[in-house]
Amino acid sequence: MTPHIPTLPPQAVLFDMDGTLVDTERLWWEAVEQVAGRPLTEADQPDVLGRPVEHTAAWLGAATGRPATDLAAELHREFAERVRTGTVPRPGALELLDALAAAAVPTALVTASPRAVADVVMDALGAGRFAASVTADDTARTKPAPDPYLAACRALGVEPAACVAVEDTETGVASAEAAGCAVLAVPSLAPIGAAPGRTVRDSLVGVTPQSLGRMVAPVLTVMSWNLWLGGSKVDEHRAKQLKVILESGADVVGLQETGGTAAQELAEALGWHHHRAGENLGVLSRHPITARFGDPDVGFYGAAGVRIEVAPGREVDVWTVHLHYTPYGPYESAFDGLPAAELIAHEGVRLAQMRDALERIGRSARDGVPVVLVGDFNCPSHLDRPDVEWPVTRAAEEAGLRDSYREVHPDPAAAPGHTWSPIHPVHEDGSGRPEPQDRIDYVLHRGLTVRDARTLVTGEPRPWPDVADNDWPSDHAAVLTTFALPTG
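All of these numbers come straight from a predicted model, not from anything done at the bench. (Residues numbered from 1 in each chain as written. Predicted model: local features only at pLDDT ≥ 70, side-chain atom pairs only at ≥ 80, totals over all residues. Heavy atoms only, no water.)

Draft legend 1. Molecular detail of the layout of surface pockets. What the largest pocket holds in volume is close to 490 Å³. Lining the largest pocket are 21 residues, with E257, Y325, W420, E428 and D475 positioned closest to its centre. The residue makeup of the lining of the largest pocket, split by class, is 10 nonpolar, 6 polar and 5 charged. (1 Å grid on protein atoms, 1.4 Å probe; cavity = no way out; pocket = protein on both sides within 12 Å on 5 of 7 lines; lining within 4 Å. Points joined across faces, edges and corners; volume = space filled by probe spheres on them. Nonpolar A, V, L, I, M, F, W, Y, C, P; charged D, E, K, R; others polar.)

In structure tokens, the structure reads:
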């Protein structure tokens, strides 16, 4: 099997304007020369290229004795006139903007030019190409401070580390990198050196959303899935499991209730790597497994882990855990009406199992290696039910593990994320009571950035017991999270 480094397009692409998207750097240079009354030289570049009008005006004022406000107004007039009559897109700029639009990747204009000039340029390029714009008028500090790029990320609702900034000057590069963006530098008048997290190209010709995606951190999509006694309650369950995994886009799958052989059989059919632990736990991975953790003969409940190599020198520890199913807190709450103190007290068995898993994770952990813990915890989360301090998820949080689903969906009322149960609308005892729907399957992490998280059920599963023909071969929903690996 040939391992691959998975990438997604960036969450957004943030474009500088002058010299990057349009050939206005030359127009700005000419405008400054006109106002200065002399030709500019290489020595003038630090005070001209990538600088706001006010900076260049103050610099000229110090040299000429003229008021900076007058110089700024004159620079505005000279530059705006040249922009209106001489805007020329840089090679490859329009093609890249069109490709990003086709890939549904939002873009923003981030410029040290004033709003009046930026609006003229955006009209020339097509203002609809940009979901947001940040100009020198919009932030207290402009480039090289990170403020403009941070403002653009806030406007788009994206993380800087998941974005690529496209710049043509050292000043702009410094701003984008200070904000935490990956940078594509396409120098216009002055050279830009290579650096970690920075790609330097001669032009935008041939740049694609996919190539920009490779400039941000690699991504890893992790699934937690309880197979329900190996899937044996559903006809053709192995083929259906394979279909779910392939269509999900998962790179790693932490399994519970494997029925002994599921991890090995699925891995062989996928051409993936795997780890089988006891008769109930397993991990499937597209990427090489470099270490295995936990008791290989673990019982029906417990934890097992692996270390995978996502890319050379880029490893992640992935653990899968299955905790005891009884007593079940949602039943005791909904059917028995137990108060919070008793519900918490009855979590003792699961809490002990979680603490054992956390101890094993701690013993195997290595500095700089992120950790993912997935599994069927068989208990609610304290993040979902603030009236009860459910101790199992709280223990994981206290160990530094974050709940990826709640990071993306912080409001449990708006996005409950129920994983139990897509096939049990009513309780199995025949009483007709509604089955308490709850979130009991999790993807937790430490040291990663969450790009997306969701629950997964395919088709429209028929309720128990008429499940043999279901496309979804489980009684749990799966949980799927896409992480960005650290850039350092």
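On we go.
Draft legend 2. The arrangement of the pattern of salt bridges in detail. Counted according to the given criterion, the structure contains 31 salt bridges. K143 is the salt-bridge partner of D16, the closest N and O atoms lying 2.8 Å from each other. Pair noted here: D16 is in the loop between β1 (12-15) and α1 (25-36) and K143 is in the loop between β3 (132-134) and α6 (147-156), with a separation of 127 residues, a long-range link. Exposure class is identical for D16 and K143. Each is buried. (Salt bridge = Lys/Arg side-chain N within 4 Å of Asp/Glu carboxyl O. Helix = DSSP H or I, 4+ residues; strand = E, 2+ residues; numbered from the N terminus. Buried < 20%, exposed > 50% of the residue type's maximum accessible area, 1.4 Å probe, protein only.)

Draft legend 3. Highlighting the pairing of strand β2 (residues 107-110). Of the two faces of β2, the one carrying T107 and L109 and the one carrying A108 and V110 are both buried. As judged from the 3 bridges shared by β1 and β2, these two strands associate in the parallel manner. Paired with V13 across the strands is T107, a residue of β2. Handedness of the crossover joining β2 and β3 through helix α5 (residues 115-125): right-handed. (Pairing = 2+ DSSP bridges. Right-handed = clockwise from strand over helix to strand, strands pointing away.)

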